[in-house]
Amino acid sequence: MINKISESLQSAVSDIHDGATVMIGGFGNAGMPSALIDALLEQGARGLTIVNNNAGNGDTGLAALIKAKRVRKIICSFPRQVDSHHFDALYRAGEIELELTPQGNLAERIRAAGAGIGGFFSPTGYGTLLAEGKETRLIDGRNYVFETPIHADFALIKALRGDRWGNLVYRKTARNFGPVMAMAAKCTIAQVVELVELGELDPEAIVTPGIFVQRVVLEGKQA
């Protein structure tokens, strides 16, 4: 019997190893799997490469992970915000590496990994510092930059509901990067607000099929 439900948040992230590449869903705080991030902080993995749209907000979630100096490198599109002070301080001190990627390219690089595509040409970034060292090509009179896929060891995402097979539905824009990240990681761990029985999710409403999810955990489930 397929049952992907983890006993606790702690057990769900227990095998995330030092140096792992971890995708974290969310657009700011919308859709951020804060409970899983807290469990990862408690777990202690270090030297992580984090893939996220931002570089943390305030003092919680991803910002707390950065503050604790668990992150070696971050790949994101919006590293600086009004309250991104922990990232700002570590970056200025040379204690965290940044790979800046335009938001559309970031989403497509993640999607490409999940789809098994070896790379793609994008016009975004051509003629800027972001294109340095990358292949460029003139296609139909327009200049493009070659972008590579982003793969991950783990993806931490948040969904509204899930079942024991790992099928997921999201709450409106909290969906954001969740579906593409689930496809691009070797192990996807989904934090859900509600666990439902098989058959309760309308198949037409399932956004992320269970084949892309390895673990599901209720967001308040502590060890």
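Up top you'll find the structure we're talking about.
Please read these numbers as outputs of a predicted model, since none were measured by experiment.

(A) Region of the structure containing the pattern of salt bridges. A full pass over the atoms with the stated rule returns twelve salt bridges. Between Glu97 and Arg72 there is a salt bridge, with its nearest N and O atoms 3.4 Å apart. Placement of the pair is Glu97 in strand 4 (residues 97–100) and Arg72 in strand 3 (residues 71–76), with a sequence separation of 25 residues. Look at Arg72 and you get partly exposed, because its relative accessible area is 43%. As a salt-bridge pair, Glu194 and Arg161 come within 3.0 Å of each other at their nearest N and O atoms. Residue Glu194 is found in strand 10 (residues 185–195), and its partner Arg161 is found in strand 8 (residues 152–162); the two are separated by 33 residues along the sequence.

(B) Up close: helix 4 (residues 85–92). Looking only at helix 4, the buried set comprises His86, Phe87, Asp88 and Leu90. Looking at the buried side of helix 4, the elements it contacts are helix 3 (62–67), strand 3 and strand 4. Phi turns positive, to about 75°, at Gly94, one or two residues after helix 4.

(C) Examining the sheet that holds strand 6 (residues 136–139) more closely. If you walk across this open sheet you meet the three strands as 5-7-6, and the pairing is antiparallel. Bordering the open sheet on either side are strand 5 (120–122) and strand 6, each of which pairs with just one other strand. Across the sheet, the mean angle separating the axes of adjacent strands is 45° when strand polarity is ignored. The sheet contact formed by strand 6 and strand 7 (residues 142–147) spans four bridges and is antiparallel. Among the inter-strand pairings, Ile139 is bridged to a residue of strand 7, identified as Arg142.

(D) Molecular detail of the packing of aromatic side chains. This model, assessed by the stated rule, comprises two aromatic pairs. Seen from their ring centres, Phe87 and Tyr91 are 5.5 Å apart, and the 20° between their planes marks the pair as stacked. Taken together, the residues span about one helical turn, with Phe87 and Tyr91 both in helix 4 at a distance of four residues. Overall, Tyr91 belongs to the partly exposed group, its relative accessible area being 43%.

(E) View of the environment of Phe87. Exposure remark for Phe87: the relative accessible area of 2% places this residue in the buried category. Distance in space between the C-alpha atoms of Phe87 and Gly58 is 10.0 Å, their sequence separation being 29 residues.

(F) Spotlight on the pairing of strand 8. For strand 8, a buried count of eight out of eleven residues is recorded, marking the element as mostly surrounded by other parts of the structure. When strand 1 (residues 21–24) meets strand 8, the two strands line up parallel, connected through three bridges. Paired with Met23 across the strands is Ala155, a residue of strand 8. As paired elements, strand 8 and strand 10 share nine bridges and run parallel to each other. Its bridge partner being in strand 10, Phe154 is matched across the sheet by Cys187. In this structure, the hairpin formed by strand 8 and strand 9 (residues 168–169) is closed by a connection of five residues, where Gly166 is found at a positive phi of approximately 95°.

(G) Molecular detail of the side chain of Lys4. Along the chain, Lys4 falls in the segment before helix 1 (9–12). Buried and without a salt bridge, Lys4 has Asp163 as its closest oppositely charged side chain, separated by 7.9 Å. Within the structure, Lys4 has its side chain in polar contact with the backbone oxygen of Trp165 (distance 3.2 Å). Once residues within four sequence positions are removed from consideration, Lys4 is found in contact with Arg164, Trp165, Gly166, Gly210, Ile211, Val213, Gln214, Arg215 and Val216.

Rules behind the numbers
Residues numbered from 1 in each chain as written. Predicted model: local features only at pLDDT ≥ 70, side-chain atom pairs only at ≥ 80, totals over all residues. Heavy atoms only, no water. Salt bridge = Lys/Arg side-chain N within 4 Å of Asp/Glu carboxyl O. Helix = DSSP H or I, 4+ residues; strand = E, 2+ residues; numbered from the N terminus. Buried < 20%, exposed > 50% of the residue type's maximum accessible area, 1.4 Å probe, protein only. Contact = heavy atoms within 4.5 Å. Pairing = 2+ DSSP bridges. Axes fitted to C-alpha atoms, helices over the stretch in contact; angles between N-to-C directions. Phe/Tyr/Trp six-rings, centres within 6.5 Å; stacked < 30°, edge-to-face > 60°. Lys, Arg positive; Asp, Glu negative; His and termini not counted. Polar contact = N/O pair within 3.5 Å; in protein donor to acceptor, adjacent residues only side chain to side chain.

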